[in-house]
Amino acid sequence: MISEPSQPDTTPALVVREISKSFDGTDAVNDVSFQVEQGEILALLGPSGCGKSTTLRVLAGFERPNQGLVQINGETAVGPALWRSPEQRRIGMVAQDFALFPHLSVGENIAFGLPDGHHAWWTKPLRRFRRTEPPTRVRRMLELVGLDGFADRYPHELSGGEAQRVALARALAPQPAAVLLDEPFSNLDQNLRASLRLAMRNILKQANTAAVFVTHDREEALSLADRIAVMRNGRIEQIGAPDDIYYRPETRFIGTFVGDANILPGERVRGGAETELGFVVVVNPAEETAGQAIDVLLRPEQIALRPCRDPGPDCANVISSEYYGHDQVVRVRLQSGKEVEARLRTEVVWQPEDPVDVIVLDDAIAFPR
């Protein structure tokens, strides 16, 4: 008899439903719900005090919510009259400061969370009998994070990026259902962050482990996450893919928080809006009535400049240009006195007082005035 092929497990790694948490009567998290699939990376993005770190602590078991449900790989960790402690959850944690044990080697740090059978390798009284090679799982974790051969080094011998990788390896070693990362790049040099973001994403994808990370840095969220949950005042205002969050924000706050934005006054017309820059196609649902005053959001890269053919009072004028090598940000004053920014390539370097025409390249998002 031929057996049927097994179906892939489609159980979400994390399910969070209607979580709320207050401190001294003040809501820190209010009715937060989301789920994370196996192998998916979710960013909790928002300003300081929006509730993202409290949400992470509830998932880890460091905070007990006032209400709500948390399921990990289909098993309930938080629910009515149920709360499992952190050690009873299949959750890995990477702290903001990495929290490596300074008296343990890299290999010993990674082995710390493994089952008891591995402890003989690193337990202090037995160190003189320690095998020359760490356990297989430790070696695999070191290979995964690109630190093969680092097992005998100590935390003080590591760079910031290496310490971060060790912390991630330690969190992944017990094969958790999900890994939680609290501001994972905040203690690193700015020049390291871009390469380490890519490295961390590749490591998590190779491990096929669900991950939730907290950040207030929009660039980190947009470049690292599969989906982003934008939080404000303890609630999730929008959750979606990075390009949806960036180009199709559902609220004015999200539009201005996740990226640089030009806000232009306009008037709703069929299919779009009339603005100082002319007719602009508006892509969000046409719920507003014709003639209604609205604000139109355009990203700097959705605007282009060209030399004004007939210099005069109808032209806009360049105020300033910030040159970055790969691109430039040019600030322009329109005829009305309104200022907008354009992010452009550098074939033409614009100078202050250059007369220009301002062109809209793409569809826009509009919000009620």
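1. What about the overall build of the protein?
- On a plain count of helices and strands, the protein comes out with eight helices and 21 strands.
- Projected onto its principal axes, the C-alpha positions of the protein cover 85 × 60 × 45 Å.
- Out of the 369 residues belonging to the protein, those deemed buried represent 47%.
- The long-range fraction of contacts in the protein, counting pairs at least 24 apart against all pairs at least 6 apart in sequence, stands at 64%.
- Looking at charge distribution, the protein has the averaged site of its 40 positive side-chain charges lying 7 Å from that of its 51 negative ones.

2. Quick notes on unusual backbone geometry
- The residue Phe-98 is not glycine, and still its phi comes out positive at about 75 degrees.
- Residue placement: Phe-98 occurs in the loop between β7 (91-94) and α2 (106-111).
- Judged by relative accessible area, which is 7%, Phe-98 ranks as buried.
- Here the phi dihedral of Glu-183 falls at roughly 45 degrees; this positive angle occurs in a residue that is not glycine.
- Mapped onto the elements, Glu-183 comes out in the loop between β8 (178-182) and α5 (190-207).
- On the basis of relative accessible area, Glu-183 is assigned to the buried category, the value being 10%.

3. Topic: the side chain of Glu-220
- Relative to the helices and strands, Glu-220 is located in helix α6 (residues 218-224).
- Among the polar contacts listed, one links the side chain of Glu-220 to the side chain of Thr-215, at a separation of 2.8 Å.
- Among all residues touching Glu-220, those that are not within four sequence positions of it are Phe-185, Arg-193, Arg-197, Phe-213, Thr-215 and Ala-225.

4. Section: the confidence of the model for the protein
- Per-residue pLDDT for the protein averages 88, and the proportion of residues at 70 or more is 91%.
- The spread of mean pLDDT over the elements of the protein runs between α5, the lowest at 86, and strand β10 (residues 227-232), the highest at 98.
- This model gives residues 124-131 a pLDDT under 50, and the stretch forms 11 contacts once residues within four places in sequence are excluded.

5. A few points about helix α4 (residues 160-172)
- Between the first and last C-alpha of α4 there are 19 Å, a value that for 13 residues agrees with the 18 Å anticipated at 1.5 Å per step.
- Judged by how many residues are buried, α4 sits mostly within the fold: 10 of 13 residues are covered.
- Of the surrounding secondary structure, the elements contacted by the buried residues of α4 are β7, α2, α3 (136-144), β8 and α5.

6. A look at the packing of aromatic side chains
- The final tally for this structure, using the stated rule, is three aromatic pairs.
- Taking the centre distance of 4.6 Å and the plane angle of 50 degrees together, the rings of Phe-101 and Phe-112 count as tilted. You can see Phe-101 sitting in the loop between β7 and α2 and its partner Phe-112 sitting in the loop between α2 and α3, a full 11 residues away along the chain.
- Phe-112 gets classed as partly exposed once you look at its relative accessible area, which sits at 38%.
- Between the aromatic rings of Tyr-246 and Tyr-247, the centroid separation amounts to 4.7 Å while the plane-to-plane angle is 85 degrees, which identifies the pairing as edge-to-face.
- Exposure remark for Tyr-247: the relative accessible area of 36% places this residue in the partly exposed category.
- In this structure, Arg-153 packs its charged tip against the face of Phe-150, placed 3.9 Å from the ring centre.
- Over the ring of Tyr-246 we find Arg-299, and its NZ or CZ is 4.3 Å from the ring centre.

7. Comments concerning the pairing of strand β19 (residues 339-344)
- In β19, alternate side chains face the same way, and those of Val-340, Ala-342 and Leu-344 are buried while those of Glu-339, Glu-341 and Arg-343 on the opposite face are not.
- As paired elements, strand β18 (residues 328-333) and β19 share six bridges and run antiparallel to each other. Looking at the pairing, Val-329 lines up with Arg-343 of β19.

8. As for the pattern of salt bridges
- Enumeration over the complete set of coordinates arrives at 19 salt bridges.
- Residues Arg-218 and Asp-260 are paired through a salt bridge, measuring 2.9 Å at the closest nitrogen-oxygen approach. Highlighted residues: Arg-218 in helix α6 and Asp-260 in the loop between α8 (252-257) and β12 (262-269), separated in sequence by 42 residues.
- Overall, Asp-260 belongs to the partly exposed group, its relative accessible area being 31%.
- Note that Arg-345 is salt-bridged to Glu-347, the shortest N-O span being 3.2 Å.
- Using a relative accessible area of 63% as the deciding quantity, one classes Arg-345 as exposed.
- Glu-347 sits in the exposed class, given a relative accessible area of 58%.
- One network of salt bridges, with partners in common, ties together Arg-218, Asp-260, Asp-327 and Arg-343.

9. Some thoughts on the nonpolar core
- Counting residues in hydrophobic clusters, the biggest one holds 48 residues, and the most contacted among them are Ile-110, Leu-168, Leu-172, Leu-181, Ile-228, Val-230 and Val-258.
- Ranked by residues supplied to this core, first place goes to α4 with seven residues.
- With residues near it in sequence (within four places) discarded, Val-230 still touches Leu-45, Arg-235, Ile-236, Glu-237, Gln-238, Ile-245, Phe-253, Ile-254 and Val-258.
- By size, the runner-up hydrophobic cluster in this structure holds 28 residues, among which are Leu-14, Leu-42, Leu-59 and Ala-177.

What counts and how
Residues numbered from 1 in each chain as written. Predicted model: local features only at pLDDT ≥ 70, side-chain atom pairs only at ≥ 80, totals over all residues. Heavy atoms only, no water. Helix = DSSP H or I, 4+ residues; strand = E, 2+ residues; numbered from the N terminus. Buried < 20%, exposed > 50% of the residue type's maximum accessible area, 1.4 Å probe, protein only. Contact = heavy atoms within 4.5 Å. Lys, Arg positive; Asp, Glu negative; His and termini not counted. Charge placed at Lys NZ, Arg CZ, Asp CG, Glu CD. Polar contact = N/O pair within 3.5 Å; in protein donor to acceptor, adjacent residues only side chain to side chain. pLDDT = per-residue confidence, 0-100. Expected span 1.5 Å × (residues − 1). Phe/Tyr/Trp six-rings, centres within 6.5 Å; stacked < 30°, edge-to-face > 60°. Lys NZ or Arg CZ within 6 Å of the ring centre and 35° of its normal. Pairing = 2+ DSSP bridges. Salt bridge = Lys/Arg side-chain N within 4 Å of Asp/Glu carboxyl O. Core = buried A, V, L, I, M, F, W, Y, C linked by side-chain atoms within 4.5 Å.

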